[in-house]
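# Reading the structure
The chain contents come next:
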Amino acid sequence: MTSLKSKPNPWKDIILFSLTTIPLFSVYYVGTVYKSVPPIEMVLKGFTNTGYLLIGFSLLLGSLAKFWNFFDKFLHYRKQLGIVGFIYILIHGFIGTIIYILPNPAILWTNYWAIALGVSGLYILFICYAISEIVVIQKLGPKNWRRLMRYLSYTAFILGTIHIYLAKLPVWQNYINSEIVFPPLSLIVFSFGLVVLLFRFYVFIYDALHLGHNTVKAVIAKN
Ligand code: HEM
């Protein structure tokens, strides 16, 4: 008997999820800047912040599933979260260059490090995308591939996070000195990014201590 239950489609799920966050972020952005915003900038903010959020979720899932079995069922979303997030950030890099940098090339010098780190982060995300093919996994072996993917994706995420800090710090300072209650969208996603990175750092320390503990136990058992 054929099952009537439709097969889950992770691509569809992630795209549907992002179709709720893109308008939500766009509207939040417009509601918190207190100035008129061109529609292209409004939509772009939705894509940019959703892209960063999706990549962050894709990294966070691995850490969460290490401690709570509940998250195991979401692990198969990691690839789709990463690729859809990358595409949104690619749109951000491309349109951002057209609407912010081309009309005011001086940004390249005044915000040199912010742009350089953004471009480097995007390039590494592209490498992650390029090596997500099954042939590469078969060639490298799943263990090496997973390790390489982890190093590259975290490096890209760290560069992206510093890029946001450098690009948006003046906006955050204005917010802190103002009476406005709702924080800038960039500050919210940046805080989320810090949680992702701190949690991964915790997992790293946890693994290192456990490995050390198990090695000591194995040495004692041997002697
Ligand atoms: C070619 C590469 C890139 C370029 C040219 C670029 C350019 C920019 C520029 C000019 C800004 C400031 C204007 C704005 O507020 O939107 C910005 C902000 C931002 N960028 Fe990038 N970026 C690049 C890559 C990245 C990457 C790799 C990430 C994340 C992984 C990222 C995430 C963000 C976020 C979240 C913001 C703040 C958006 C907001 O205000 O809500 N960017 N970027």
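Residues numbered from 1 in each chain as written. Predicted model: local features only at pLDDT ≥ 70, side-chain atom pairs only at ≥ 80, totals over all residues.

Once that is clear, we can look at the site of the ligand. Taken together, 24 residues are adjacent to the ligand, and Gly 93, Gly 118, Gly 121, Gly 160 and Ser 186 come closest. For the shell around the ligand, the element with the most residues is helix 3 (residues 78-101), which contributes 6 residues. Its residues assigned to classes, the shell around the ligand comprises 11 nonpolar, 11 polar and 2 charged. (Near = placed C-beta within 6 Å. Helix = DSSP H or I, 4+ residues; strand = E, 2+ residues; numbered from the N terminus. Nonpolar A, V, L, I, M, F, W, Y, C, P; charged D, E, K, R; others polar.)

Among the nonpolar cores identified, the biggest contains 29 residues, and Leu 54, Ile 55 and Leu 81 are the most heavily contacted of them. The set of elements that each furnish at least two residues to this core consists of helix 1 (10-33), helix 2 (39-67), helix 3, helix 5 (112-130), helix 7 (142-176) and helix 8 (185-222). Looking at which element gives the most residues to this core, the answer is helix 2, with 9 residues. (Core = buried A, V, L, I, M, F, W, Y, C linked by C-beta atoms within 7 Å. Buried ≥ 20, exposed ≤ 12 C-beta atoms within 10 Å, placed from the backbone.)

Relative to the 34 Å expected for 24 residues at 1.5 Å per residue, helix 3 spans 32 Å between its end C-alpha atoms, a close match to the ideal helical length. At Ile 95, helix 3 shows its strongest bend, of approximately 30°. Among all positions of helix 3, only Leu 81, Gly 82, Val 84, Gly 85, Phe 86, Tyr 88, Ile 89 and His 92 are buried. Elements that come into contact with the buried residues of helix 3 comprise helix 1, helix 2, helix 5 and helix 7. (Expected span 1.5 Å × (residues − 1). Bend = angle between axes of the 7 residues up to and from the residue. Contact = placed C-beta atoms within 7 Å.)

What follows is about the packing of helix 2 against helix 7. In contact at an axis separation of 11 Å, helix 2 and helix 7 are set at 140° when each is read in the N-to-C sense. The orientation of helix 2 with respect to helix 7, classified from their angle, is oblique. Crossing of helix 2 over helix 7 shows left-handed handedness. Contacts between helix 2 and helix 7 involve Tyr 52, Ile 55, Gly 56 and Leu 59 on the former and, on the latter, Ser 153, Tyr 154, Phe 157 and Gly 160. (Axes fitted to C-alpha atoms, helices over the stretch in contact; angles between N-to-C directions. Parallel < 35°, antiparallel > 145°, perpendicular 65-115°, else oblique. Left-handed = near helix turned anticlockwise from the far one by under 90°.)

This paragraph deals with unusual backbone geometry. Even without a glycine there, the phi angle at Tyr 34 is positive, about 55°. Considering the arrangement of structural elements, one finds Tyr 34 in the loop between helix 1 and helix 2. Overall, Tyr 34 belongs to the exposed group, with 9 C-beta atoms counted inside 10 Å.

For the rest of this paragraph, the subject is helix 8. A rise of 1.5 Å per residue sets the reference length of helix 8, with its 38 residues, at 56 Å; its end C-alpha atoms lie 55 Å apart and thus fit the reference within 8%. For helix 8, the complete set of buried residues consists of Leu 185, Ser 186, Val 189, Phe 190, Gly 193 and Val 196.

As a further point, take the environment of Leu 197. Here Leu 197 shows up in helix 8. The partly exposed category is assigned to Leu 197, around which 17 C-beta atoms lie within 10 Å. Between the C-alpha atom of Leu 197 and that of Leu 64, which follows or precedes it by 133 residues, the distance is 12 Å. When residues no more than four places from it in sequence are discounted, the contact partners of Leu 197 are Ile 158 and Thr 161.

On to the environment of Asp 72, then. By the element assignment, Asp 72 lies in the loop between helix 2 and helix 3. A C-alpha to C-alpha distance of 24 Å links Asp 72 and Ala 156, two positions 84 residues apart in sequence.

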